[in-house]
Each structure stands twice: as structure tokens, then as C-alpha cells.
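An overview of the molecular structure
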Amino acid sequence: MKKFFVLAAICLLASASQVSAQLIIRNNGHAEIGHDPYDPVPEGLPFYYYNMLDTVTVLKVFGTRENGSGAHITFGDNLIKLNYNASVGELGYSDTDCLWLQGKHGTYITAGLEAADTIMYYDYKRSTDVNFRKNVTTTGVFVQSDERFKENIEPVSDVLSSLENLEAVSYTLKNDNAKQCRAIANEMPAVTEKDQRDKVFFDQFYAKQEQGDERYGFLAQNVKDVFPQLVHTDNSGYMYVDYIGLIPILVQSINELKAELAAVKAEKQDEETTPTMLQAVPQQAVQNELEASLSAAKLYQNAPNPWSSETVIRYSLPQSVATACIYIYDMQGLQLKSIPAEGRGESQVTLTARDLKAGMYLYALVADGQLIDSKQMILTK
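Structural notes, computed from the coordinates. Everything numeric here is computed off the predicted structure, so don't read it as measured data. Throughout this description, residue numbers start from 1 for each chain and increase along the sequence as written. Per-residue local features of the predicted model are confined to residues with pLDDT of at least 70, and side-chain atom pairs are confined, for both listing and counting, to 80 or more; whole-chain, interface and lining totals are unaffected and use all residues. Note: side-chain values were computed over all heavy atoms of the structure, leaving out hydrogens and water.

**Focus: the packing of helix α4 (residues 176–187) against helix α5 (residues 193–211)**
Close contact between α4 and α5 brings their axes to 9 Å; oriented N to C, the two are set at 160 degrees. When the axes of α4 and α5 are compared, the pair comes out roughly antiparallel. Note that α4 runs across α5; the crossing there is left-handed. Between α4, through Ala178, Lys179, Cys181, Arg182, Ala185 and Asn186, and α5, the contact on the second element is made entirely by Lys199, Phe202, Asp203, Tyr206, Ala207, Gln209 and Glu210. Fitted lines through C-alpha atoms give the axes, limited to the stretch in contact for helices. The angle between two N-to-C directions lies from 0 to 180 degrees. Numbered from the N terminus, helices here are DSSP runs of H or I no shorter than four residues, and strands are runs of E no shorter than two. Any angle from 65 to 115 degrees is called roughly perpendicular, while one under 35 is roughly parallel, one over 145 is roughly antiparallel, and all others are oblique. Two helices that cross are described as forming a left-handed crossing if the nearer one is turned anticlockwise from the farther one by less than a right angle, and a right-handed crossing if clockwise. Contacts: residue pairs with any heavy atoms within 4.5 Å of one another.

Rendered as C-alpha cells:
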């Protein structure tokens, strides 16, 4: 008897809905709420366009505006618009053909077991940013960057020294949520064959998420010390890095490197094209100056001469002389010894007969590649 009354009520509701009801139950079991799309066809609109059959939708919601637009479902407090906790539907006043998901404090999109796997959220209580908890793949990302959107525009400079303080690291992201979801999957009862397939799927899915992929990046704490403008902190104290904002810094560093390289090249080119002081003076003048400097250099006769055990060779060199040496030759011109002449002004070196045989020898003073003088000496034993 109870089933009879329920069936009768549904029939009465369905029959009444054909007149002015807000809820219409069709003969095929489909339900329609709000504006009746089977009202008389407006003048000028083809009937087939307005009365196209929909064999897919089970529940239709129509608004009271043009073409049934403006339909939406709300969940929450009362009928004051600002107090809606959440609403779904076409919130515009015109036929926007768009789906709006509206939450008073934000919106969450979840998946997985018990909706524990958050895909993305926008929550005033946590942050004013849209937070994606999964990798995002797209064909391109364009950031709002028109000059007309911006103010207080200032060029960035001197970033090379700051970039030296950034330290790149490799890491894997923690995923405690995957561990919890995997535990739920393991506890899930597998009554039907589909339950068994779901249990295997979620166990493998969350096990893979637990492992995590190796990534490269920066630690937000490090970036904040160097470029605080690139770090955002949410209401919970977690920090996030603006990697796209780092691109202009890197471009500026390349420009600074190019400027430094151009300056080095220009300096090198100036050195190659601008003659040095020695190159700028005519060669003959250089030769004359060198000869004038060495004109004060002298080589004296050794004493004693002849000698048998040792003899002293005196010489005089100006302070401008860089290198000088006394060379000992036999009479055939073969060099036997070289003695550095390190003293300047009046100085001398001592020659011993230890490595020489008795005979006649030549000795010469050479300073800065120029022969100053040469003399003869006789060794007796």
C-alpha cells in the first residue's frame, strides 16, 4: 500500500508538471528543474532548434532568464547571495554557456580514495594563490606582462655577484599524502571484481607517487636571502619560488657578461693598435739611447796579468743595465766560462785557474746584449 501512494504521488507530480511545475519528470525518467524547455516555441525560432531531444542528460536545471540561462545550484546558509557557501552553475545574467564553481572561501578539486588526493585548490585561509598539487602539462604559458599593467618600473642591474650566492640542488618531493592514501587502498574491502581492480590500481598508483622523481631547483630559503622578491610565503609559513621571475635575472646577467667581454675585447684591441712607448719611438732613437746608456760601461784589464792562481777583473756598469756577464774564450773563440756581472757602478769578479790550462785567453763584457769591450790575459802555471 505504501508503494502505491508513492507511485501515485509521482504520477500526480509528473502530470501537474506539464502545466506550471518547477520539477518535471518525463516519461523516459529524465528530470527537469526550472524553466520548461517544451513551452511554446518563441516566434521566429525554428522548432527543431528549441526542442532538440537530449538522450544523455538525466537531470536538467534551467534558469528563469533568456533560454533558461542563469541556472545554478547553491549549498550553504540562506538565500542571501553573499552567504552562499558554494554554488555550481551559470551565475551570469546573460546566456554565458559557462560553468561556474563558486565557493565562499575557495575551491578544491580532488580525486582518489575519499577525495584525499588534492589536484588543486584556491583557499583564502591558506593563501591567495591557486595551488596545484600535481604536475601541469600545457602547450604554452603566457604571463601577464604588458607595460600598461605595471607601474614603478625600474631596470635591474648588478646581478652577477648576487647569482654567485645561489646554490642549485637536486631533490625529491615528500609525499606523505600518498602514503596515507596507499594505506586506505590496502584497507579497502574488495567485495566485487571491480573493487579488486580498484584496490590494485590505487596501491600501484600511490606506490609510484611515494617514490618521487629527482628534480633540480633551489631552496626557497637560499633564494630569499639573495632575491627576496622571488619568494612568496603562504599563511602556513611555507615558501615558494617564482622560477619564471628568475628568467629576467638570468637574461640581465648574460647582458652584463657580454658588456664585460666587450670591454675586455676593446681594451685588448687598444693595446694591439696603440703603440707602446718603445714602439712609438723611432728605432734609431732607441738605438741611440741604448748606446748612450752603455757608453758609461767599462771593462778594465785584469790584475795581475800574467797570473797563475787567480786574477781580478774590474768593470763599471750604469744602474740602467738589466743584465750583464763576463765571458772567457780561448784563442780559437771557444767559450769556456761565463761569470754573471751582478754589481752596478764600479765592481769586480774573481777568476781562478782551477778549470783553465796555461795559455792566452780572451775575456769580454756583454751588457743588455751589447759588447762593451774585450781584452787578453795570460795564465801561467
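**Overview of a nonpolar patch on the surface**
Patch membership is restricted to residues that have no salt bridge and whose relative accessible area is over 30%. Joining uses 9 Å for like charges and 5 Å for the nonpolar side chains Val, Leu, Ile, Met, Phe, Trp and Tyr. In this description, accessible areas are obtained by the Shrake-Rupley approach with a 1.4 Å probe, and a residue is regarded as covered only by the protein chains that are shown. Think of a salt bridge as a Lys or Arg side-chain nitrogen and an Asp or Glu carboxyl oxygen that are within 4 Å of each other. Taken together, the side chains of Leu23, Ile33, Val58, Leu59, Val61, Ile73, Phe75, Val88, Leu99 and Leu101 present a nonpolar region at the surface, about 860 Å² in accessible area. At the level of elements, β3 (59–61) and β4 (72–76) are the ones that each hand at least two residues to the nonpolar patch.

**Overview of the nonpolar core**
Formed by 24 residues in total, the largest nonpolar core has its most connected members in Tyr315, Leu317, Ile326 and Leu365. Breaking this core down by element, the ones donating at least two residues are β15 (310–317), β16 (324–329), β18 (345–352), β19 (359–367) and β20 (370–379). Top contributing element to this core by residue count: β19, with four residues. Sequence-distant contacts of Leu317, that is, excluding residues within four places in its chain, are made with Ala297, Ala324, Ala341, Gly343, Arg344, Gly345, Leu365 and Ala367. For our purposes a nonpolar core is just a set of buried Ala, Val, Leu, Ile, Met, Phe, Trp, Tyr and Cys residues, chained together by side-chain atoms within 4.5 Å. Relative accessible area decides the class of each residue, using a 1.4 Å probe on protein chains only: under 20% of the type maximum gives buried, over 50% gives exposed, and in between gives partly exposed.

**Observations concerning the pattern of salt bridges**
With the rule as written, the count across this model stands at five salt bridges. Asp198 is the partner of Lys194 in a salt bridge, and the nearest nitrogen-oxygen pair spans 2.9 Å. Here Asp198 and Lys194 lie together in helix α5, a separation of four residues that amounts to about one turn. Judged by its relative accessible area of 49%, Lys194 falls in the partly exposed class. What makes Asp198 partly exposed here is its relative accessible area of 24%. A salt bridge links Arg314 to Glu346; the nearest nitrogen and oxygen atoms lie 3.9 Å apart. Here Arg314, found in strand β15, pairs with Glu346, found in strand β18; they are 32 residues apart in sequence, far enough to count as distant. Residue Glu346 is classed as exposed on the basis of its relative accessible area of 53%.

**Focus: the side chain of Ser316**
Position of Ser316 among the secondary structure elements: in strand β15. For Ser316, the side chain forms a polar contact with the side chain of Glu346, separated by 3.4 Å. Excluding residues that lie within four positions of it along the chain, Ser316 makes contacts with Ala296, Ala297, Lys298, Tyr300, Gly345 and Glu346. As used in this structure description, the phrase polar contact means that two N or O atoms lie within 3.5 Å; if the pair is within protein, one of them must be able to donate a hydrogen and the other to accept it, and residues adjacent in sequence are counted only when both atoms belong to side chains.

**Comments concerning the packing of aromatic side chains**
Two aromatic rings from Phe, Tyr or Trp, using only the six-membered ring of Trp, form a pair when their centres are within 6.5 Å; if the ring planes differ by under 30 degrees the pair is stacked, by over 60 it is edge-to-face, and anything between is tilted. Counted under the stated rule, the structure contains eight aromatic pairs. For the pair Tyr122 and Tyr124, a centre-to-centre distance of 5.5 Å together with 80 degrees between the ring planes defines the contact as edge-to-face. Of the residues examined, Tyr122 reaches a relative accessible area of 28% and is grouped as partly exposed. Taking relative accessible area as the criterion, Tyr124 reaches 46% and is therefore assigned partly exposed. Above the plane of the ring of Tyr121 lies Arg126, whose end atom (NZ or CZ) is 4.1 Å from the centre. Either the NZ atom of lysine or the CZ atom of arginine qualifies as a charge over a ring when it sits within 6 Å of the ring centre and within 35 degrees of the ring normal. In this arrangement the basic side chain of Arg314 is found over the ring face of Tyr300, its NZ or CZ atom lying 4.4 Å from the centre.

**So, the sheet that holds strand β9 (residues 131–132)**
Any two strands with at least two DSSP bridges between them are considered paired. Within the open sheet, the three strands sit side by side as β7-β8-β9. Their pairing is antiparallel. Across the chains shown, the open sheet's two edge strands, defined by having one partner strand only, are β7 (106–111) and β9. Relative to β9, strand β8 (residues 117–123) runs antiparallel, the two being bridged by two bridges. When the bridges of β9 are listed, Tyr121 appears paired with Asn131.

**So, unusual backbone geometry**
Residue Ala303 is joined to Pro304 through a cis peptide bond whose omega torsion reads -5 degrees. Mapped onto the elements, Pro304 comes out in the loop between β14 (298–299) and β15. Of note, the bond from Asn305 into Pro306 is cis; its omega dihedral lies within 30 degrees of zero at 0 degrees. Structurally, Pro306 can be placed in the loop between β14 and β15. With a phi angle near 55 degrees, Asn152 is a residue other than glycine that sits in the positive phi range.

By themselves, these are just geometric observations and shouldn't be taken as functional.
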